[in-house]
Amino acid sequence: MALHQATASAPVNIACIKYWGKRDTKLILPTNSSLSVTLDQDHLRSTTTSRADPSFERDRLWLNGVEEEIKDGGRTATCIAELKRLRREEVEDKQPNEPKLSTYAVHIASYNNFPTAAGLASSASGFAALVSSLAQLYSLPVSPSTLSLIARQGSGSACRSLYGGFVAWDQGSNPTGIDSLAREVAPQSHWPDIHALICVVSDDKKGTSSTSGMQRTVETSELLQHRINHVVPQRLKAIEEAILKKDFDSFAQITMADSNQFHAVALDTEPPIFYLNDVSRAIIALIVEYNRVSVAAGRGRRAAYTYDAGPNAVIYTLKENVKEIVELVVKYFPQREGSFKDVFELFAGVDVAA
Ligand code: PMV
């Protein structure tokens, strides 16, 4: 009998314009659009294998070898149900000779090649890989944008990992979520010189999850309303332009401003949320000084820090500066217990392998 199995990988993405806040918590519809860079496939990625078999009694999931419960009506269950529905509608109803895989239970095993919950967006690569592997298993004739609609319901930021390179997530306005999907702004090949340095300040599990943090921010922060209505729309336009023009100075200025505002919005939440620690702040100071010297020399900004819901820094820079910045970081943040842990260089971009 045929073996119905498929494996797919998806990389992590790191946002330059942050998604923070849901207007619909079930469908995961955001309160603002966002934009990210998808990192290199080889370094930080999730790889997921899915198998469908008539002998399986129920859907099951293993993360890094440990079984996780698939809760009824939860995010994983929603993604699996959506992909089974597409299999039925797009394949089985149209081609009656195809096996009825949508009626079989699936077993899914996913591995990350980096520590989970290190503030490195493992949920983004995880759900993108899960959706890609099931789409492949079911031979779905759909675009990455359509798959992004499903990955979004697993973890919002996951929708952006369906594309490589520079990716926007348009918030959309339809209450069904049909227009809240990922869009490629530019492929990685457009600007291959952009590199990302990941500075692992701490690999502890983060304090406040993005889900509960966002909910509290939406309920209590006035600054979030200002951000959504008066800041993000202009910033998105400007950063897309900077990417298309390969204008690193503007890209860096906007990326750092948006990271700062995201963390300001977290602080404006009641009770306040602190994701950065002293080492994170010291890395910000180092990059600010690096850029000050660079601007004074007429070379513009040459590095951009950004932080997600955790203390780890991602520094975007052009290839020619990587060595210098790594040397600076290592000089000022020698590895010691409780402080800076590791720095590894990644090439941003590269398309998701099917
Ligand atoms: O998709 P989530 O629930 O993991 O939220 C991600 C939130 C940030 O990483 C802070 C910002 C972003 O756009 O990725």
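About the thresholds
Residues numbered from 1 in each chain as written. Predicted model: local features only at pLDDT ≥ 70, side-chain atom pairs only at ≥ 80, totals over all residues. Heavy atoms only, no water. Helix = DSSP H or I, 4+ residues; strand = E, 2+ residues; numbered from the N terminus. Expected span 1.5 Å × (residues − 1). Buried < 20%, exposed > 50% of the residue type's maximum accessible area, 1.4 Å probe, protein only. Axes fitted to C-alpha atoms, helices over the stretch in contact; angles between N-to-C directions. Parallel < 35°, antiparallel > 145°, perpendicular 65-115°, else oblique. Left-handed = near helix turned anticlockwise from the far one by under 90°. Contact = heavy atoms within 4.5 Å. Nonpolar A, V, L, I, M, F, W, Y, C, P; charged D, E, K, R; others polar. Pairing = 2+ DSSP bridges. Core = buried A, V, L, I, M, F, W, Y, C linked by side-chain atoms within 4.5 Å. Domains from an automatic or database assignment.

A.B. asks: Any details on helix α2 (residues 122-137)? Residues and values, ideally.
C.D. replies: Across its 16 residues, α2 extends 22 Å between first and last C-alpha, which sits within 8% of the 22 Å expected from 1.5 Å per residue. Among the 16 residues of α2, 14 are classified as buried, and the element is accordingly described as predominantly covered. Once α2 ends, the next one or two residues include S139, with phi positive near 50°.

A.B. asks: Could you give an account of unusual backbone geometry, naming the residues involved and the relevant values?
C.D. replies: Cis geometry is adopted by the peptide bond preceding P271, which originates at E270 and carries an omega value of -10°. Summarising the element assignment, P271 is placed in the loop between α6 (248-267) and α7 (278-296). Positive phi outside glycine occurs at I28, with the angle close to 55°. Take I28: it is sitting in the loop between β3 (22-24) and β4 (29-30). Not every positive phi belongs to a glycine, and K246 is a case in point at roughly 55°. Its place among the elements puts K246 in the loop between α5 (222-245) and α6.

A.B. asks: Can you lay out the packing of α2 against helix α3 (residues 144-152) for me, pointing to particular residues and giving the numbers?
C.D. replies: Here α2 crosses α3 at 125°, and the two axes come no closer than 9 Å. Our classification of the angle between α2 and α3 gives oblique. Judged by the twist between their axes, the crossing of α2 over α3 is right-handed. Only L147, I150 and A151 of α3 make contact with α2, whose side of the interface consists of F127, A128, V131 and A135. Residue composition of the contact of α2 with α3, by class: seven nonpolar, no polar and no charged.

A.B. asks: Please give an account of the sheet that holds strand β7 (residues 60-63) that cites residues and values.
C.D. replies: The five strands lie next to each other as β1-β6-β9-β7-β8, forming an open sheet whose pairing is mixed. Of all the strands in the sheet, the pair left with one neighbour each is β1 (4-11) and β8 (66-68). Taking the axes of each pair of neighbouring strands and ignoring which way they run, one obtains an average angle of 20° across the sheet. Bridge count between β1 and strand β6 (residues 45-53): eight bridges; the pairing is antiparallel. The partner of A8 across the bridge, within β6, is T48.

A.B. asks: Break down the environment of Q261 for me, with residues and values.
C.D. replies: Within the secondary structure, Q261 is located in helix α6. Since its relative accessible area comes to 12%, Q261 is described here as buried. In this structure, the C-alpha to C-alpha distance between Q261 and L224, residues 37 residues apart in sequence, is 9.1 Å.

A.B. asks: Report on the environment of Y111, specifying residues and quantitative values.
C.D. replies: Examined against the element boundaries, Y111 turns out to sit in strand β9 (residues 105-112). With relative accessibility at 48%, the residue Y111 sits in the partly exposed group. Considering only alpha carbons, one finds Y111 and G65, 46 residues apart in sequence, at a separation of 7.5 Å.

A.B. asks: Break down the nonpolar core for me, citing the residues and quoting the values.
C.D. replies: Residues L35, I243, F251, I283, I315 and Y316 are the most contacted members of the largest nonpolar core, which totals 51 residues. When we break this core down by domain, the ones giving at least three residues each are domain 1 (4-190) and domain 2 (194-347). Each residue touching I315, except ones within four places of it in the same chain, is listed here: H195, A196, L197, C199, I283, I287, A303, A304, Y305, I325 and V329. Counting residues in hydrophobic clusters, the runner-up holds 30 residues, among them A52, L86, V91 and I108.

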